[in-house]
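Survey of secondary and tertiary structure
Take a look at the letters that make up each chain.
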Amino acid sequence: MARALPFDYALRNLGRRPLRTLLTALSSALVAALLVATTAFVRGLDTTFSGAAQADTAILLSSVAERDVVRSTVTAGLSDLVAASVPGIRQIGGAPAISAEIHMGSTLRLGPGPERADEPTYAGFVRGVTDRAFAVHDAVTITSGRPPRTGEVLVGALVGKQFDIDPARLALGQKLRFEGAEFTICGHFAAPGTTLEAEVWTPLAELRGLTKRDDSSAAFVRVETPGDFGDLELFARRRLDLELVVIPTATYYRELSDYFAPIRALAWAMAALIVAGALFGGANTLNAAVQDRLRELAALRAVGYGGFAIVRSLSQESLLIAASGGVLGLALARVFVSGNAVSIAMSAFSLEVDAVSVLVGFAGSLLLGILGTAPAAARVMRMSIAAALKEP
Amino acid sequence: MAFIELRNITKTYRKGEHVVTPLADVSLEIEQGAFCVLLGPSGSGKTTLMNLVAAIDRADRGELHVAGADLMKMSSGALADWRAQNVGYIFQQSNLVPVLTAYENVELPLWLMPLSAAERHQRVSLALAAVGLTDRAEHLPKQLSGGQEQRVAIARAIVADPPLLVADEPTGNLDHDSATGVLTLLDRLNRERGKTILMVTHDPRAAEHGTRRFTLDKGELRELAPGVLR
């Protein structure tokens, strides 16, 4: 026997208390948008580091730097030493794919001219590179301009968002100042899904001069066989005088990602708190709806509808509200979350509303709708028909 | 076996700290096609007795058979199915679903039955015609008068063609004319369609429509002689 109430009953009940329906839908929208944002943040944080990893590339760092590339110093001639001593280094453009680099945080100023006390400053990440950097970092694509020469910088796609400034201020030909020198922006680069996009790249030799260094921070080495860094490790063990450690980029970026695990946990915890609040509100709303309609629901039971048929109808109401709120939340997330940059220390990554975050957001709002039905459902199932028919 | 048969039915419930016994060892037999009226003061257990017969409440002990079913031995799910097929319930207040039209309210019991849309339409149309509300089919309950609402409720009670109609003060909230209309309708359903009717009322005029009259007081059920109303 078909035991379901007509769907129209659930649909039209939504209009009985329009304000309550609207508020519940808005709380569902908030949950969906929040879950999308949290998922985008966590996934962005994960992929932004793993995106820069390459199976055929390792980093040579100072063994005393505790795996921190900024604190690391390696000899300036390390690239040539590795190229001459280690077999299996990949050749690109007739030269070994080894990129010696300086990685450092710096205070950046926009525009030309002498330093002024009242001008805004920006904490940025500067990388000193040679042309070999483009042979090693596959993710990087120059989107406008050209690689930097002396007195020039190449600016990552997320720098403007990280500094929260008008993109026109980082256009080709604009000036940037750091480490006491003025640089002209000669190009822009993209490296989607990586923290590289939040960096400013400048010639290695010039940065060494400005920072009075005669070394590099690290050397990125690309090998012929992905994952095979045996010769590179043998070199590091033999040249104890260089105090080197070899870390595959996959390992290095995974460790960086793990470092941010507490931040991810905190993001989920905050989301869970807000979801719990919305769940309580939704359950309360539906419970109030049942209280308002107690006699009507008892009459339906008297007509012959079982408790499950009523609960199913209430679930339909709840899911309709949750789903419409969820769609609204997804739209809000698309507008307000997608493409925004999140700054972490001197880095940044872009928030992307992808299929996974949409799924999590929408599923979360639907789950909210289902769980929110539980107290009302329990009440309907326990309801004494005879007693409920006497309700005022 | 009688259409309705109660043997030593006892029902108690808690009211705050007190235990109330509206029915104590009540026995009753009603033949099919009777129009029975239950009279008695407020709180005497009339509605409790009617609810037990209509299977929307359970007795504590005793035997209860209605339309050939042993209601004391059935699960709540089975009782719901049984109600859908055997009982039409008419409440003091119409208890119509406010978001559904008169037509849709009358159609509600039919969703529980394996009927096609055309069959449902035919039955709803006949039920609405029987209560004289064909022209109000698309009206919402708030667009109907109290008497019209109660007639829609009667149409809902008879649309599945159940053998038993139970009515709890069906004229309690109606003016004189509307009440007369409802009682005339119940008379017709009893005489022309053979429905067994169990009606609870305070109204002596309504009680006159019954073929058998019972009074319930302090848990005791007593049948009144024809023409006697108290």
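One numbering rule holds for all chains: residues counted from 1, following each sequence as written. Chains carry letters and ligands carry numbers; both start at the beginning, A for chains and 1 for ligands, and go up in the order they are written. Side-chain atom pairs in this predicted model are given and counted only at pLDDT of 80 or more, local residue features only at pLDDT of at least 70, and totals for whole chains, interfaces and linings cover all residues. As a convention, hydrogens and water are excluded, and side-chain values are obtained from all of the structure's heavy atoms.

Comment: elements are numbered from the N terminus, with helices defined as DSSP H or I runs of at least four residues and strands as E runs of at least two. What chain A contains, in helices and strands, is 13 helices and 16 strands. Radius of gyration: over C-alpha atoms. The globule rule applied is 2.2 Å multiplied by the number of residues raised to the 0.38 power. A compact globule built from 392 residues should have a C-alpha radius of gyration of about 21 Å, whereas chain A, at 29 Å, is more than 25% larger. By principal-axis analysis of the C-alpha atoms, chain A measures approximately 90 × 50 × 35 Å. Burial classification: accessible surface area is computed with a 1.4 Å probe over protein chains only, and a residue below 20% of its type maximum counts as buried, one above 50% as exposed, and the rest as partly exposed. The 392 residues of chain A split such that 51% are buried. Per element, the accessible surface of chain A, about 17300 Å² overall, is 61% carbon and sulfur. Charge-centre separation for chain A: the mean point of 36 positive side chains lies 13 Å from the mean point of 36 negative side chains. Note on areas: these come from Shrake-Rupley sampling with a 1.4 Å probe, and a residue is covered only by the protein chains present in the view. His is not counted, nor are the chain ends, whereas Lys and Arg count as positive and Asp and Glu as negative. Charged groups are reduced to one reference atom each: NZ for lysine, CZ for arginine, CG for aspartic acid, CD for glutamic acid.

What follows covers unusual backbone geometry. At Glu66(A), a position not held by glycine, the phi torsion is positive, near 50°. Tracing the chain through its elements places Glu66(A) in the loop between strand E1 (57-62) and strand E2 (74-75). Note on Glu66(A): relative accessible area 62%, which makes it exposed. You will see that Asn8(B), though not glycine, has its phi angle at about 50°, which is positive.

A word on the confidence of the model for chain B. pLDDT: the predictor's confidence for each residue, scored from 0 to 100. Mean pLDDT over chain B: 90, with 98% of residues reaching 70 or higher. Between the elements of chain B, mean pLDDT differs from a low of 86, seen in helix H7 (residues 204-207) of chain B, to a high of 96, seen in helix H3 (residues 102-107) of chain B.

Core analysis: the biggest nonpolar cluster contains 64 residues, and Leu300(A), Tyr305(A), Leu71(B) and Tyr89(B) have the highest contact counts within it. Apart from residues no more than four positions distant in its own chain, Leu71(B) is found in contact with Leu52(B), Val53(B), Ala55(B), Arg58(B), Leu64(B), Val66(B), Leu79(B) and Trp82(B). In this structure, Tyr103(B), Ile158(B), Ala179(B) and Met199(B) belong to the second largest nonpolar core, which totals 41 residues. We call a set of buried Ala, Val, Leu, Ile, Met, Phe, Trp, Tyr and Cys residues a nonpolar core when their side-chain atoms join them within 4.5 Å. Whether two residues are in contact is decided by their heavy atoms, any of which lying within 4.5 Å being enough.

Attention now goes to a nonpolar patch on the surface. Residue and element names in this part refer to chain A. In this scheme, patches are assembled from residues that exceed 30% relative accessible area and form no salt bridge. Like charges are connected within 9 Å, while nonpolar side chains (Val, Leu, Ile, Met, Phe, Trp, Tyr) are connected within 5 Å. Whenever Lys or Arg places a side-chain nitrogen within 4 Å of a carboxyl oxygen from Asp or Glu, that contact is recorded as a salt bridge. Residues Leu19, Leu22, Leu23, Leu26, Leu328, Leu332, Val335 and Phe336 make up a contiguous nonpolar surface patch of roughly 790 Å² in combined accessible area. Of all the secondary-structure elements, those providing two or more residues to the nonpolar patch are helix H2 (18-50) and helix H11 (307-336). Structurally, the position occupied by Leu19 is in helix H2. You can call Leu19 exposed: its relative accessible area is 59%.

All names here are of chain A. Looking at chain A, the domain boundaries give domain 1 (7-50 + 260-388) and domain 2 (57-226). Relative to domain 2, the C-alpha centre of domain 1 lies at a distance of 45 Å. Contact residues are listed per partner, giving 12 residues for domain 1 and 12 residues for domain 2. A quick way to say it: buried area is the sum, across both parts, of accessible area lost when two parts are put together, with a 1.4 Å probe. For the pair domain 1 and domain 2, the summed buried area comes to about 920 Å², and 59% of that belongs to carbon and sulfur atoms. Applying the counting rule to domain 1 against domain 2 returns 0 salt bridges. Two N or O atoms form a polar contact when they lie within 3.5 Å of each other; inside protein one atom must be a possible hydrogen donor and the other a possible acceptor, and for residues adjacent in sequence the pair counts only when both atoms belong to side chains. There are 0 residue pairs in polar contact (both at pLDDT 80 or more) connecting domain 1 and domain 2. An automatic or database domain assignment provides the domain bounds reported here.

With that settled, the discussion passes to empty space enclosed by the protein. A cavity here means a set of 1 Å grid points, computed over protein atoms only, where a 1.4 Å probe fits but cannot escape. A pocket is an open set with protein on both sides within 12 Å along at least 5 of 7 lines, and lining residues have an atom within 4 Å of a point. Grid points are joined across faces, edges and corners, and a volume is the space filled by probe spheres set on the points. According to the stated counting rule, one finds 3 cavities of 30 Å³ or more in the structure shown. Looking at the largest cavity, its volume works out to about 80 Å³. Around the largest cavity, the lining residues are Ala302(A), Val303(A), Ala84(B), Val87(B), Gly88(B), Tyr89(B), Pro109(B), Arg156(B), Ala157(B), Ala160(B) and Pro162(B). For the lining of the largest cavity, the secondary structure elements donating two or more residues are helix H10 (294-303) of chain A together with strand E6 (87-90) and helix H5 (146-158) of chain B. Charged residues are taken to be Asp, Glu, Lys and Arg, nonpolar residues to be Ala, Val, Leu, Ile, Met, Phe, Trp, Tyr, Cys and Pro, and polar residues to be all remaining types, Gly included. Per-class residue counts for the lining of the largest cavity are 9 nonpolar, 1 polar and 1 charged.

Residues and elements named next belong to chain A. The end-to-end C-alpha separation of helix H9 (residues 261-292) is 46 Å, in line with the 46 Å expected for 32 residues at 1.5 Å each. Turning to H9, its buried residues number three or more, namely Arg264, Ala267, Ala271, Ala278, Gly282, Ala283, Thr285, Leu286, Ala289 and Val290. The elements touched by buried residues of H9 are H2, helix H8 (249-259), H10, H11 and helix H12 (355-382). One less than the residue count of a helix, multiplied by 1.5 Å, gives the span that helix is expected to have.

Turning our attention to the layout of surface pockets. Estimated volume of the second largest pocket: approximately 450 Å³. The wall of the second largest pocket is formed by 22 residues, among which Lys390(A), Thr47(B), Gln92(B), Asp168(B) and Glu169(B) lie closest to the centre. Across the lining of the second largest pocket, the residue classes tally to 7 nonpolar, 11 polar and 4 charged.

The next point concerns the interface of chain B and chain A. Each side of the interface is counted separately: chain B has 24 residues, and chain A has 24 residues. Approximately 2200 Å² of surface area, both sides summed, lies buried where chain B meets chain A, with 62% of it carried by carbon and sulfur atoms. Looking at the side of chain B facing chain A, the largest losses of area belong to Val99(B), Trp111(B) and Leu112(B), adding up to 27% of the total buried there. Applying the counting rule to chain B against chain A returns 1 salt bridge. Two residues, Arg12(A) and Glu104(B), come together in a salt bridge whose shortest N-O distance is 2.5 Å. Counting across the interface, chain B meets chain A through 6 residue pairs in polar contact (both at pLDDT 80 or more). Per element, the largest residue contribution to the side of chain B that touches chain A is 5 residues, and it comes from helix H2 (residues 76-86) of chain B. Within the side of chain B that touches chain A, the residues separate by chemical class into 14 nonpolar, 5 polar and 5 charged.

All right, on to the sheet that holds strand E5 (residues 69-70) of chain B then. All names here are of chain B. Strands were regarded as paired on the criterion that DSSP finds at least two bridges between them. One open sheet holds the 4 strands; their spatial order is E2-E1-E4-E5, and the pairing between them is antiparallel. Of all strands in the sheet, those bounded by a partner on one side alone are strand E2 (18-30) and E5. With 8 bridges joining them, strand E1 (residues 4-15) and E2 adopt antiparallel strand pairing. Across the sheet, Lys11 pairs through a bridge with Leu23, a residue of E2. Each axis is a line fitted through C-alpha atoms, and for a helix only the stretch in contact is used; angles between axes span 0 to 180 degrees, taken between their N-to-C directions. Helix-sheet contacts for helix H1 (residues 46-53) involve E1, E2 and strand E4 (61-66), and the interaxial angle to E1 is about 120°.

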